[in-house]
Amino acid sequence: MTIVDTPERRQLRELTRSFVTREVLPHLSDWERAGELPRSLHESAAKIGLLGIGFPESVGGSGGDLLDSMVVTEEIIRSGGSSGLIAALFTHGIALPHIVAAQDEALIERYVRPALAGTMIGALAITEPDGGSDVAGIRTCAVRDGDHYVVNGAKTYITSGVRADFVTTAVCTDFPGSGSLSLLVIDKGTPGFTVGRRLEKLGWHCSDTAELSFADVRVPVSNRVGPEDTGFLAIMQQFANERISLATQAYATAQRCVDLAVRWSRDRQAFGRPLVARQVVRHRLAEMHSRTEAARAYVHEVAERVAAGQPVVTEVAIAKNVAVSACDFVVDAALQLHGGFGYMRDAEVERHYRDARLLGIGGGATEIMNEIIAKGMGL
Ligand SMILES: Cc1cc2nc3c(=O)[nH]c(=O)nc-3n(C[C@H](O)[C@H](O)[C@H](O)COP(=O)(O)OP(=O)(O)OC[C@H]3O[C@@H](n4cnc5c(N)ncnc54)[C@H](O)[C@@H]3O)c2cc1C
């Protein structure tokens, strides 16, 4: 059914399921309305070791690899959580890996350990108002002035940006759009760094999303992640994990919606018979199930290759698109099977339908994945 079914991963599933049941489900609707998660959730997830999954113990993590992180994602959604919840609670999964890879002890001490302990929240800021797909075209610039950089520019659609204590920020260290990128960790409260309004969105309601602006923000050179001008490579290297994570959210959401639709179709009566008594309904459920199974199998296979360090850039792009496409089909079909109730805020499928729409946009949109796939085909 799932990635290598070891006793440790079965335990991890159990731990995740009881966490979601106890700490998340009673409050998720309130957090969706509030537009953000409470900080206390980060602390309680950290206490039982969930936040640190996928990060080495040497930097304050709980150990494990990409496959263990996928187990957590699968189980959160299977238990009634959501991709929005994962985006907000595990934003450190995109904010920290560059710092860990750079092996900068001072930055690890100041940002990685507290984030994995749930006492600080981090965000990753790449996208700008002028564009997100074209990462090399970033225009937020950092100009060196002694032992500081002076940063000017703006970022948008930044997950956890409202709550974040620090932001791993992609900046241009040459002229705007030159593609010479570096990553700077910028603290909330640094003069000139403003967090704009909380952006209202179609889905991912429990995940706060912000606009950030930088006006002559002085950032110590020691807050640079790795050598200057290595930011583009660092961002591209971490995209594989982010894309596999989004692909996992996609097939896991699809699986949850298959489960909800099967249950609903057994219970709901129309014209004197349960929905599932109709062949057209059974075939629709069979197609939803088939697409979900196929997506999961492919994503698992590619994830195992990513975890083994193989260069599978094209396959990762295929995995994301295949899983997102399966998810789009399934959430739509599941909502339709629920009829009018599917359109109601009280229906879990309604939330998945809205949340899922992001998966083909974030972490590299479907069209950008197709560009990568076409390149991989030698086109
Ligand atoms: C809820 C949410 C959370 C997000 N969180 C973060 C975050 O934490 N950090 C962060 O940095 N960003 C974040 N993003 C931004 C996200 O990564 C970008 O929205 C995404 O990369 C697309 O960039 P864009 O919106 O600027 O679209 P654009 O780049 O302007 O693209 C617009 C459309 O054109 C298509 N397109 C672009 N170029 C091509 C091409 N060459 N060929 C064919 N089609 C093309 C795109 O696929 C897209 O469909 C988030 C976005 C959302 C909505």
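This write-up is about the structure you can find in this document. These numbers were taken from a predicted model, which means no experiment stands behind them.

Let's talk about the overall build of the chain
The helix and strand inventory of the chain stands at 14 helices and ten strands. Computed over C-alpha atoms, the radius of gyration of the chain comes to 21 Å, within 12% of the 21 Å expected from 2.2 N^0.38 for 379 residues, which places it in the range of a compact globule. On the principal axes, the C-alpha backbone points of the chain span a range of 80 × 50 × 40 Å. The proportion of buried residues among the 379 residues of the chain is 53%. Put simply, 74% of the contacts in the chain that link residues at least 6 apart link residues at least 24 apart. Accessible surface, the chain as shown: approximately 16500 Å² in total, 53% of it carbon and sulfur. Charge centroids of the chain, computed over 39 positive and 46 negative side chains, lie 7 Å from each other.

Some thoughts on the environment of alanine 136
With respect to the helices and strands, alanine 136 occurs in the loop between β1 (122–125) and β2 (141–145). For alanine 136, the contacting residues outside a window of four places in its chain are Gly177, Ser178, Gly179 and Phe232.

Some thoughts on the pattern of salt bridges
Taken as a whole, this structure holds 24 salt bridges when the rule is applied. Taken together, the shared-partner salt bridges in this structure form one network comprising Arg13, Glu14, Arg17, Glu74, Glu75 and Arg78.

Section: the pairing of strand β3 (residues 148–159)
Both β2 and β3 contribute to a ladder of five bridges, which runs antiparallel. Note that in β3 the partner of alanine 142 across the bridge is valine 151. In this antiparallel pair of consecutive strands, β2 and β3, the connection spans two residues, and glycine 146 shows a positive phi of 65°. As paired strands, β3 and strand β7 (residues 209–220) are joined by nine bridges and run antiparallel to one another. Bridge pairing in β7 places valine 151 opposite valine 217.

Considerations on the site of the ligand
Inspection of the region around the ligand gives 19 residues, with Thr127, Gly132, Ser133, Tyr157 and Glu367 positioned closest. Leucine 124 places a main-chain nitrogen or oxygen 2.9 Å from a nitrogen atom of the ligand. For the ligand, a nitrogen atom lies 2.7 Å from a polar atom in the side chain of threonine 127. Within the complex, the protein chains bury 64% of what would otherwise be the 970 Å² of accessible surface of the ligand. Going through the elements one at a time, β1, β3 and α14 (366–376) are the ones with two or more residues in the shell around the ligand. With three residues, β3 is the single largest residue contributor to the shell around the ligand. Classifying every residue of the shell around the ligand gives eleven nonpolar, six polar and two charged.

Remarks on helix α4 (residues 66–78)
Along its 13 residues, α4 runs 18 Å from first to last C-alpha, staying within 8% of the 18 Å computed at 1.5 Å per residue. Burial runs high along α4: eleven of the 13 residues are buried. For α4, the full list of buried residues reads Leu66, Leu67, Asp68, Met70, Val71, Val72, Thr73, Glu74, Glu75, Ile76 and Ile77. Where α4 is buried, its residues touch α1 (7–24), α5 (83–89), α9 (231–267), α10 (279–307) and α13 (348–356). At the N-terminal end of α4, a side-chain oxygen is found 3.0 Å from the backbone nitrogen of leucine 67, two or three residues along, and the residue is aspartate 65. Following α4 by one or two positions, glycine 80 has its phi on the positive side, about 110°.

The rules we used
Residues numbered from 1 in each chain as written. Predicted model: local features only at pLDDT ≥ 70, side-chain atom pairs only at ≥ 80, totals over all residues. Heavy atoms only, no water. Helix = DSSP H or I, 4+ residues; strand = E, 2+ residues; numbered from the N terminus. Rg over C-alpha atoms; globule rule 2.2 N^0.38 Å. Buried < 20%, exposed > 50% of the residue type's maximum accessible area, 1.4 Å probe, protein only. Contact = heavy atoms within 4.5 Å. Areas by Shrake-Rupley, 256 points an atom, 1.4 Å probe, with all protein chains shown as cover. Lys, Arg positive; Asp, Glu negative; His and termini not counted. Charge placed at Lys NZ, Arg CZ, Asp CG, Glu CD. Salt bridge = Lys/Arg side-chain N within 4 Å of Asp/Glu carboxyl O. Pairing = 2+ DSSP bridges. Near = heavy atom within 4 Å. Polar contact = N/O pair within 3.5 Å; in protein donor to acceptor, adjacent residues only side chain to side chain. Nonpolar A, V, L, I, M, F, W, Y, C, P; charged D, E, K, R; others polar. Expected span 1.5 Å × (residues − 1).

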